Amino acid sequence: MKLLDNIRDIDINQWNCLIKTTNNSSFFQTKACYDFYKSLSFFESFIFAVSEKDVLKGVIIGYIQKENNKIKHFFTRRAIIPGGVLLAEDISEQALRNLLVYCKNELSKKAIYIECRNYTDYSKYINVFKNSGYQYSQHLNFHVDCKDEKEMHKRISASKLRQIKKSLKSGAEIIIADSEKQVEEFYAILKDLYDKKVKTPLSPKTYFIEFFKQKIGIYLLVTYKEDIIGGIMCPILEGKVIYEMFVAGKDGQYKDIYPSILATYAAMKYANEHSIKRFDFMGAGKPDEAYGVREFKEKFGGELVEHGRFLCVLHPLLYKIGKLGVYVLKKL
C-alpha cells in the first residue's frame, strides 16, 4: 500500500479508469478539476491518493481558499473536498482509513476543518470515515434523470413548464457563452444576487473566467433582446453528469420571462441532447432546516437524495469562532 501527495506520482491512466468505472465518480474528482484549482492564485489545491499493489484505489482532491485579509483567513481556513473522495469499488477498509487519516494529518497545519461534500452515495463507508475522525451530517440534494426527454418533461411541475414556455414565447433565448465578455455579464448578475440575498462570499471573477478558458464545462445564458439576463454555470462529467454550480437571473424584471427557471431547464435540456444521464443540483440544504431554494429545485422533477457530508474538525475552538463570524456576517 502506498500513500501519495504529489500528482506526478499518480498514474493518470489509472486515475481516468477509476473515474469511468466507479459508481461514485464526479467531475470534481478529475484531473481537469485539479488543474483548474491549481491555476487559481486564491486557491491552495491539494491531492492525496492511495494505491494497493500498485493499483490506484482512492483519490482526494480539494482546495483551501485564501483570503486577502489575514485575520479573516486565519479564522475561516477550510479544506473543501467537492464531490467527496474518489474510491474504487474494491478499496480495502484499511486503505481508505489510511488515506483519510493521512489527509487529516497533512491538512492539520493549514486548515481549521475539512469538509467532504458528497454528490453520490457513501453510506457503506460511513463507519470507516467515523473511525478516521470524520463525522457524518445529513444533507439533501436533487438528481434529475435526463435520459428520456418526454419523461423528464412529465416530472417537471405544471407551473414550471408554463413559466418555461412563457419565457420562450416572450422572446427569451438560450445560448452557450462564447466570449469572456458574456461570462463577465453573467458574473455581474450572480454577484448582485450574492451581495443582496445569499450573503456569502463569492469567488473572484477570475474563477469564472478560468472555468470558461479551460473548457471544463459550459455557461448556458438566457438572453432577451440581445441582453444577458440570466444563466447557469455547469461543470460536466462527460456522459454521466452535468452540475448546477451557479445559477442566477434578473427575475421579476421582465414580463412573462423567468431567467433562473429557464437557465435551470436549459441545463437539463442540454444533458438530454448530449447523452448526459443526470442533472445534479449540488445541494438542497439540511433535512431539519427550512430552505426555500429546496422548494424551487423540487419543482424540476428530480429525485430527492440524501448523500450527506463528512466533517473533520481539526481545531475545535477556531471552528466555533469561525462559525459565529459567518453567522454574524449573514445577519448584517
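Per chain, residue numbering runs from 1 following the sequence as it is written. The predicted nature of this model means local features are confined to residues of pLDDT at least 70 and side-chain atom pairs, given and counted, to a pLDDT of 80 or more, with totals for whole chains, interfaces and linings taken over all residues. Here the side-chain values reflect all heavy atoms present in the structure, with hydrogen atoms and water set aside.

Caption draft 1: Spatial organisation of the packing of aromatic side chains. Under the pairing criterion, centres of Phe, Tyr and Trp rings, with the six-membered ring standing for Trp, must be within 6.5 Å; the plane angle then separates stacked pairs below 30 degrees from edge-to-face pairs above 60, leaving the rest tilted. Under the counting rule described, the total for this entry stands at 32 aromatic pairs. When the centroid spacing of 6.2 Å and the interplanar angle of 40 degrees are considered together, the rings of phenylalanine 36 and tyrosine 37 count as tilted. Summarising the burial analysis for this pair, phenylalanine 36 and tyrosine 37 share the class buried. Note on phenylalanine 36 and phenylalanine 211: the rings are 6.2 Å apart at their centroids and 80 degrees apart in plane angle, and the pair reads as edge-to-face. Placement of the pair is phenylalanine 36 in helix H2 (residues 31-38) and phenylalanine 211 in helix H9 (residues 205-214), with a sequence separation of 175 residues. Categorising residues by exposure relies on relative accessible area from a 1.4 Å probe, with only protein chains included: less than 20% of the type maximum marks a residue as buried, more than 50% marks it as exposed, and the intermediate range marks it as partly exposed. We count a stretch as a helix when DSSP gives it H or I for four or more residues in a row; a strand needs E for two or more, and each element gets its number in order from the N terminus.

Caption draft 2: Seen up close, the nonpolar core. Residues Trp15, Tyr207, Phe208, Tyr219 and Phe246 are the most contacted members of the largest nonpolar core, which totals 48 residues. With 6 residues, the top contributor of residues to this core is helix H8 (residues 180-198). Whether two residues touch is decided by their heavy atoms; if any such pair falls within 4.5 Å, the residues are in contact. Phenylalanine 246 has contacts with Phe186, Leu190, Tyr194, Leu202, Tyr207, Phe208, Gly231, Ile232 and Met233, leaving out every residue within four places of it along the chain. Among buried residues, those of type Ala, Val, Leu, Ile, Met, Phe, Trp, Tyr and Cys that are joined through side-chain atoms within 4.5 Å constitute a nonpolar core. The next biggest cluster of nonpolar side chains, apart from the first, holds 32 residues, and it includes Ile156, Tyr265, Ala266 and Met268.

Caption draft 3: Summary view of the side chain of asparagine 24. For asparagine 24, the location among the structural elements is in the loop between helix H1 (12-21) and H2. Residues adjacent in sequence count toward polar contacts only when both atoms are side-chain atoms; beyond that, a polar contact is any pair of N or O atoms within 3.5 Å, and within protein one must be able to donate a hydrogen and the other to accept it. At 3.2 Å, the side chain of asparagine 24 forms a polar contact with the backbone oxygen of valine 85. In this view, asparagine 24 contacts Gln29, Val85, Leu86, Leu87, Glu89, Thr120 and Tyr122; residues no more than four positions away in its chain are not counted.

Caption draft 4: Representation of the side chain of threonine 22 within the structure. Residue position: threonine 22 is located in the loop between H1 and H2. Residues within four places of threonine 22 in sequence aside, it is in contact with Leu86, Leu87, Ala88, Glu89 and Lys240.

Caption draft 5: Spotlight on the pairing of strand E16 (residues 309-313). Only one face of E16 is covered, namely the face carrying Phe310 and Cys312; the face carrying Arg309, Leu311 and Val313 is uncovered. Any two strands with at least two DSSP bridges between them are considered paired. For strand E6 (residues 113-118) and E16, the ladder comprises 5 bridges, and the chain directions are antiparallel. Residue pairing in the sheet places glutamate 115 in a bridge with leucine 311 of E16. Across 3 bridges, strand E7 (residues 135-137) lies against E16 in antiparallel orientation. For tyrosine 136, the partnering residue across the bridge sits in E16 and is phenylalanine 310.

Caption draft 6: Focus on the pairing of strand E3 (residues 55-65). Within E3, 10 of the 11 residues are buried, leaving the element largely enclosed by the surrounding structure. The pairing of strand E2 (residues 43-52) with E3 spans 10 bridges and is classified as antiparallel. By the bridge assignment, valine 50 is partnered in E3 with glycine 58. The hairpin formed by E2 and E3 contains 2 residues between the paired strands, and lysine 53 there has a positive phi angle of roughly 55 degrees.

Caption draft 7: Highlighting the packing of H8 against H9. Interaxial distance between H8 and H9 falls to 10 Å at its minimum, and their mutual angle equals 140 degrees. Of the possible angle classes, the one that applies to H8 and H9 is oblique. H8 and H9 meet at a crossing whose hand is right-handed. Along its contact with H8, which presents Glu180, Val183, Glu184, Tyr187 and Leu190, the element H9 presents Lys205, Phe208, Ile209, Phe212 and Lys213. Three categories are distinguished: nonpolar for Ala, Val, Leu, Ile, Met, Phe, Trp, Tyr, Cys and Pro, charged for Asp, Glu, Lys and Arg, and polar for the others, with Gly belonging to the last. Classifying every residue of the contact of H8 with H9 gives 6 nonpolar, no polar and 4 charged. Note on geometry: axes are C-alpha line fits, over the in-contact stretch for helices, and angles between N-to-C directions span 0 to 180 degrees. Each angle is binned into one of four classes, with values under 35 degrees roughly parallel, values over 145 roughly antiparallel, values of 65 to 115 roughly perpendicular, and all other values oblique. In this scheme the handedness of a crossing depends on how the near helix is turned from the far one: anticlockwise by less than a right angle means left-handed, clockwise means right-handed.

From the geometry alone we can't say anything about function, so treat these as descriptive.
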